[in-house]
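Read off the chains here:
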Amino acid sequence: MNPWRRRIAGACGAAAGVFLVAMMLLTVADVVLRAVTNRPIRGMFEIVELLLACTFFVALPAVFLRDENLVVDVVDTLRPRWVPWLRRLAELVAIPVLVLMAWEGWKAAAETLVFHDVTSDLSIHRILYWAPVIFGLVGAAAAAVAMIFRKNA
């Protein structure tokens, strides 16, 4: 793997790992507080929801850069020479899909800004939910473009 791909994928993976660990620790703390003091962490559902979005979408570019997408390898044994071309075809299909999803997310995020949409319990602005989604989708689309032009498949 190229050094720049390794660095970017590592940074995205590390950030996603931090979000995942935070989500796990907060969940454990919430369960313990609920059991011991009968006082759970207020807004826990909203916090976990935000951390889950961050975990998944920040890790998405790393998945493309590491070429670790889920695949069904039916063709691999039948026509092994087709595999590199099928991978590139999958990336070509992924790019417009990811860009379209990012565009729709951008429009939805803009609406949250216009309407000052916040969560019900903690009043977290919904744009914080959309930021990792858009980052991840745009990053994954850029990573898919980079992976099309890689030297080996």
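Residues numbered from 1 in each chain as written. Predicted model: local features only at pLDDT ≥ 70, side-chain atom pairs only at ≥ 80, totals over all residues. Heavy atoms only, no water.

Enquirer: Before we move on, can you summarise helix α2 (residues 44-65) with the specific residues and values?
Expert: Taking 1.5 Å per residue as the helical rise, α2 with its 22 residues ought to reach 32 Å, and the 32 Å between its terminal C-alpha atoms agrees with that figure. Its axis deflected by about 30° at Ala-59, α2 carries its strongest bend there, up to four residues before the proline Pro-61. With its phi angle positive at about 55°, Asp-67 sits one or two positions after the end of α2. (Helix = DSSP H or I, 4+ residues; strand = E, 2+ residues; numbered from the N terminus. Expected span 1.5 Å × (residues − 1). Bend = angle between axes of the 7 residues up to and from the residue.)

Enquirer: Outline the pattern of salt bridges, listing residues and values.
Expert: A full pass over the atoms with the stated rule returns seven salt bridges. In this structure, Arg-126 and Glu-49 form a salt bridge, with 3.9 Å as the shortest nitrogen-oxygen distance. Here Arg-126 is found in the loop between α4 (83-114) and α5 (127-148), whereas its partner Glu-49 is found in helix α2, with 77 residues between them in sequence. The partly exposed category is assigned to Arg-126, whose relative accessible area is 25%. A network of salt bridges, in which partner residues are shared, links Asp-67, Arg-87, Glu-91 and Arg-150. (Salt bridge = Lys/Arg side-chain N within 4 Å of Asp/Glu carboxyl O. Buried < 20%, exposed > 50% of the residue type's maximum accessible area, 1.4 Å probe, protein only.)

Enquirer: Describe the packing of helix α1 (residues 3-37) against α2, naming the residues involved and giving the relevant values.
Expert: Axis separation between α1 and α2 bottoms out at 8 Å; the angle between their running directions is 160°. One finds that α1 runs roughly antiparallel with respect to α2. Of the two elements, α1 crosses α2, and the hand of that crossing is left-handed. Per-class residue counts for the contact of α1 with α2 are 22 nonpolar, three polar and two charged. (Axes fitted to C-alpha atoms, helices over the stretch in contact; angles between N-to-C directions. Parallel < 35°, antiparallel > 145°, perpendicular 65-115°, else oblique. Left-handed = near helix turned anticlockwise from the far one by under 90°. Nonpolar A, V, L, I, M, F, W, Y, C, P; charged D, E, K, R; others polar.)

Enquirer: Describe the packing of aromatic side chains, naming the residues involved and giving the relevant values.
Expert: Enumeration over the complete set of coordinates arrives at one aromatic pair. With a centroid separation of 4.8 Å and an interplanar angle of 85°, the aromatic rings of Phe-56 and Phe-57 are classed as edge-to-face. Over the face of the ring belonging to Trp-82 we find Arg-79, whose NZ or CZ atom lies 5.6 Å from the ring centre. The ring of Tyr-129 is capped by Arg-126, whose NZ or CZ atom sits 5.1 Å from the centre of that ring. (Phe/Tyr/Trp six-rings, centres within 6.5 Å; stacked < 30°, edge-to-face > 60°. Lys NZ or Arg CZ within 6 Å of the ring centre and 35° of its normal.)

Enquirer: Describe the environment of Ala-102, naming the residues involved and giving the relevant values.
Expert: Examined against the element boundaries, Ala-102 turns out to sit in helix α4. In this structure, the C-alpha to C-alpha distance between Ala-102 and His-116, residues 14 residues apart in sequence, is 20 Å. The residues contacting Ala-102, other than those within four sequence positions of it, are Ile-134, Leu-137 and Val-138. (Contact = heavy atoms within 4.5 Å.)

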